[in-house]
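Listed below are the residues making up each chain.
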Amino acid sequence: MVNWSLISSNGRKASSGKIRKSMVSFMTKHHPCSVVSSIEKKYNAYKIHLMNGLCLIFDADGRFVKSN
């Protein structure tokens, strides 16, 4: 299950409640046992780094864009 409580964003911390529900839904469906190592919030995107080395990119509306 995807679970995180604090996200660093430009030196500030935000609660996981700020993350779009669509991203959580995508993570639960496509990466159910993954561990999130970090989340970066950019101007128009979110980058979610997983412990297995995968990086998921979502747009500002929480829609999946691609993985690296």
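Above: the structure in question.
So, here is what we can say about the structure in this document. (Residues numbered from 1 in each chain as written. Predicted model: local features only at pLDDT ≥ 70, side-chain atom pairs only at ≥ 80, totals over all residues. Heavy atoms only, no water.)

Regarding helix 1 (residues 21-30)
The periodicity of an α-helix, 3.6 residues per turn, causes residues three or four positions apart to be oriented the same way. Under the convention used in this document: Exposure classes here rest on a 1.4 Å probe applied to the protein chains alone. A residue is buried below 20% of its type maximum, exposed above 50%, and partly exposed in between. A run of H or I in DSSP becomes a helix once it reaches four residues, and a run of E becomes a strand once it reaches two; helices and strands are each numbered from the N terminus. The directions considered for the arc run from the helix axis to the C-beta atoms. Only heavy atoms enter the contact rule, under which two residues are in contact if any of them lie within 4.5 Å.
Among the residues of helix 1, Met23, Phe26 and Met27 are the ones counted as buried. Axial view of helix 1: buried residues confined to an arc of 95°, hence all on one face. In helix 1, the exposed positions angled more than 90 degrees off the buried face are occupied by Lys21 and Lys29. Along its buried surface, helix 1 packs onto strand 3 (36-41), strand 4 (45-50), strand 5 (55-59) and strand 6 (64-67).

Side note on the packing of aromatic side chains
The following threshold applies: What counts as a ring pair is set by centres within 6.5 Å for rings of Phe, Tyr and Trp (its six-membered ring), and what kind of pair is set by the plane angle: stacked under 30 degrees, edge-to-face over 60, tilted for all other angles.
For the structure on display, the rule yields three aromatic pairs. A centroid spacing of 4.4 Å and a plane angle of 10° characterise the contact between Phe26 and Phe64, whose relative ring orientation is stacked. Within this pair, whereas Phe26 is found in helix 1, its partner Phe64 is found in strand 6, the two being separated by 38 residues in sequence. You can call Phe26 buried: its relative accessible area is 17%. Phe64 sits in the partly exposed class, given a relative accessible area of 35%. Seen in terms of ring centroids, Phe58 and Phe64 are 5.7 Å apart; in terms of plane orientation they differ by 70°. Their pairing is edge-to-face. A network of ring pairs unites the aromatic residues Phe26, Phe58 and Phe64 as a single cluster.

Section: the nonpolar core
Our working definition: Remark: nonpolar core denotes a set of buried residues (Ala, Val, Leu, Ile, Met, Phe, Trp, Tyr, Cys) joined through side-chain atoms within 4.5 Å.
The biggest cluster of nonpolar side chains holds ten residues, and these are Met23, Phe26, Met27, Val36, Ile39, Tyr46, Ile48, Leu50, Leu56 and Phe58. Contributing elements (two or more residues each) for this core: helix 1, strand 3, strand 4 and strand 5.

Any functional reading would require information beyond the geometric quantities listed.
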